[in-house]
There are 2 protein chains.
Amino acid sequence: MAGIKDVARAAGVSVSTVSYVLSNKRSISAETTRRVMDAIRELDYTPDASAQKMRGVRNSIIALSMPIRGDINLAKYNAYFLRTAWEAKNAGYDVLLLTGEDVVGDIQRATRSNLVDGVVLMDIEESDERAAKASTYAKPTVAVGYPLSHDGCACVDVDFVQVGRQAADYLYDRGHRSVILLRDNEHEYERRSGYVVLFRESVMDRAEELGMSVLEFSKTDLAHFDAVEFVHEMFSDGGMATAIISQAPASVLDHVLKELQVRGIRVPEDVSVLSCGTFLEGEFMTRPVTEIPVMPELLAHKAVSLLVDSIEGDRGIAGVVDLVSPVIQERGSVLDLAAAGSGGRVAMT
Amino acid sequence: MAGIKDVARAAGVSVSTVSYVLSNKRSISAETTRRVMDAIRELDYTPDASAQKMRGVRNSIIALSMPIRGDINLAKYNAYFLRTAWEAKNAGYDVLLLTGEDVVGDIQRATRSNLVDGVVLMDIEESDERAAKASTYAKPTVAVGYPLSHDGCACVDVDFVQVGRQAADYLYDRGHRSVILLRDNEHEYERRSGYVVLFRESVMDRAEELGMSVLEFSKTDLAHFDAVEFVHEMFSDGGMATAIISQAPASVLDHVLKELQVRGIRVPEDVSVLSCGTFLEGEFMTRPVTEIPVMPELLAHKAVSLLVDSIEGDRGIAGVVDLVSPVIQERGSVLDLAAAGSGGRVAMT
DNA sequence: TTGTATGCGTTATCAC
DNA sequence: GTGATAACGCATACAA
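Worth saying up front: this structure is predicted, and the values here are computed from it rather than measured. (Residues numbered from 1 in each chain as written. Chains lettered and ligands numbered in written order. Predicted model: local features only at pLDDT ≥ 70, side-chain atom pairs only at ≥ 80, totals over all residues. Heavy atoms only, no water.)

1. A few points about helix α3 (residues 30–43) of chain A
Residue and element names in this part refer to chain A.
(1) Moving on: For α3, built from 14 residues, the straight-helix expectation of 20 Å at 1.5 Å per residue is met to within 8% by its first-to-last C-alpha distance of 20 Å.
(2) Moving on: All of the buried residues along α3 are T32, V36, A39 and I40. End-on view of α3: buried residues confined to an arc of 100°, all on one side of the axis. Turned more than 90 degrees away from the buried face of α3 sit A30, R41 and E42, all of them exposed.
(3) Moving on: Those residues of α3 hidden inside the fold are in contact with α1 (4–11) and α2 (15–23). (Helix = DSSP H or I, 4+ residues; strand = E, 2+ residues; numbered from the N terminus. Expected span 1.5 Å × (residues − 1). Buried < 20%, exposed > 50% of the residue type's maximum accessible area, 1.4 Å probe, protein only. Arc of directions from axis to C-beta. Contact = heavy atoms within 4.5 Å.)

Now the structure itself:
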């Protein structure tokens, strides 16, 4: 490959002139500029990235750590991953993928060797080793998620406590006094209670404050979930519940919708459905479901912005936490009992 | 960050000694080695990647170009993408993601600036600009796919001509003389005829040689596909066909399976189904379908191996084409008419 | 407006 | 077995 010296020779100038033409850091005569640019084109010259970096020029590469687990939800995963990659590129950064086994080691290596300028941690669990060891990384780090230990990095996540409150309030305001909570599968509860558990507790607390009864149903392991049993249990138990708050994956929820349909139970006329902490967009659903979704685009944007700010402003972001307020996505699967009861026909929200 | 000089000072040796301790390129006394290693640990020293690269040490980074199109099939996509990332890491390489708009420019920049050691092109179309311009990249390049112009890069793909022949032969050998070809959607035909069209032509050619009749059905655009119409048309047209060769996405094929089920048409007793060029593993199917799949793992492995060989052996691979032979995946959806007709009960394959 | 010289952190050559 | 130092390609302070 042609180097800056070759360009200089071809253009009949010194190397510094070539460098300055490229960086615009001092004025160069039009004639010289032209000759240099011609030589650059002629030789297909591209500055060597390593040499530039050694002179303190930024890499513009961020590491994206995304462990490949067996049980990931691809749709949700991609929503985060693709969007983060997009945001990074949009901010002028390339993305170095870190998917290895030795996650922490890889990140340490990539940051300490100055390979990357910053790190984004994806698919965060409650006890996330990557986040816990963030202070050992040599570059600013942002976690998309809210792990327990996060001293060394910034965190960006949906405020799941608010999601819980909002879910309870939303149903209460529409006249619901008895609901069923279809929990995420137990595996998730064990692993990433970070948000799964926060949400549950928040729902329960708020419901108690409001005097709303909540029945929990938790046998939602994807492989063994039995929608028939769920619907049966739900309606046999006094049949009090007027709404389902679902925290389960789209496929599980859809099984429930199908079973309801089979049994002639209408949504939302006979039972309302509200999905929380999910990302139903793009999933196939028997019918649209009102949801308080996680926000991949927003979180990805915030994470990358925060990181880039830190990189370019040389500001530390360790310990920063940005919890974004949930936004309900109405899709007509929740009935307003108050309105419906007060005369007119069913009022969808 | 601590540099090699700091380590040298801390260990009371010269920088070259430190370097040699790390590289094992000359014998160092045990005592010196110990002192140096201690200092390295003490200072958390990691060599600077750029400085190393300037001295000719390889980066161990490969670029992975994967354009994010709106209509990608995520499951299939991920199978390729994740596997390629895995293979790369396994070969000791990090992966730099290139998802931008200006694909060719990005690859040129990344290769010419020595940012990466090689390039893998994913999701190749028939007329793929990235592949066509591969000779302008400064590093070896492998395309996973088989584009028309590929002078500058190596190509790795399934041999779709063989897939077509094999599909025809497979059904013919089992007594089928009249089949329906459920084509991939027209959009794919326009865009990536690279393999979609190759396959179709091969099926048609081979069928003609064998004297097997093939009826084409092509209204398979995901959004508008009408399984009811398809099944109706299929069985109203004289009802000759005993098998379906499907080139359609999993979701489309599954609609067909469901419709067949609804109409009481059994698979494979009443009609056989063979899916080609798909990747049904992991997709939800009403019933298992015998398939001649694309081979993400194998192709990813071949692509990365080829690339790494080229990088580490400094061998050129431009123009190399590796077309792998298809392997049929039997899942009992094709009936052996010959065996079934010759006495015994249905023989599944 | 342009050229010369230095140094970034490392590896490898040469000297001891 | 170990140390001093040139060179990698570039950006910039300093000269002119």
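After that view, the rundown keeps rolling.
2. Examining the protein's contact with DNA strand C
(1) Moving on: Contacts to DNA strand C come from 27 residues, most closely from A:S27, A:T32, A:R55, B:I4 and B:Y20.
(2) Moving on: When atoms of DNA strand C within 4 Å of the protein are sorted by moiety, sugar and phosphate together comprise 53%.
(3) Moving on: A distance of 3.4 Å separates a phosphate oxygen of DNA strand C from a polar side-chain atom of B:K25.
(4) Moving on: The separation between a phosphate oxygen of DNA strand C and a polar side-chain atom of B:Y45 is 3.0 Å.
(5) Moving on: Of all the secondary-structure elements, those providing two or more residues to the surface near DNA strand C are α2 of chain A together with α1 (4–11), α2 (15–23) and α4 (49–54) of chain B.
(6) Moving on: Of all the elements, α2(B) adds the most residues to the surface near DNA strand C, at three residues.
(7) Moving on: For the surface near DNA strand C, the per-class residue count stands at nine nonpolar, eleven polar and seven charged. (Near = heavy atom within 4 Å. Polar contact = N/O pair within 3.5 Å; in protein donor to acceptor, adjacent residues only side chain to side chain. Nonpolar A, V, L, I, M, F, W, Y, C, P; charged D, E, K, R; others polar.)

3. Details of the UniProt feature "domain: HTH cro/C1-type" (unreviewed entry) in chain A
(1) Moving on: The UniProt entry lists residues 5–50 of chain A under the feature "domain: HTH cro/C1-type" (unreviewed entry), expressed in the numbering used here.
(2) Moving on: The span residues 5–50 of chain A is 70% helix and 0% strand, and its two end C-alpha atoms sit 16 Å from each other. (UniProt positions renumbered as here; feature names shortened; annotations may be inferred.)

4. A short note on the nonpolar core
(1) Moving on: Ranked by internal contacts, the top residues of the largest apolar core, which has 107 residues, are A:F81 and B:F81.
(2) Moving on: For A:F81, the contacting residues outside a window of four places in its chain are A:L64, A:M66, A:L97, A:M122, B:M66, B:F81 and B:L97.
(3) Moving on: Membership of the second largest hydrophobic core comes to 38 residues, among which are B:A49, B:V104, B:I124 and B:A134. (Core = buried A, V, L, I, M, F, W, Y, C linked by side-chain atoms within 4.5 Å.)

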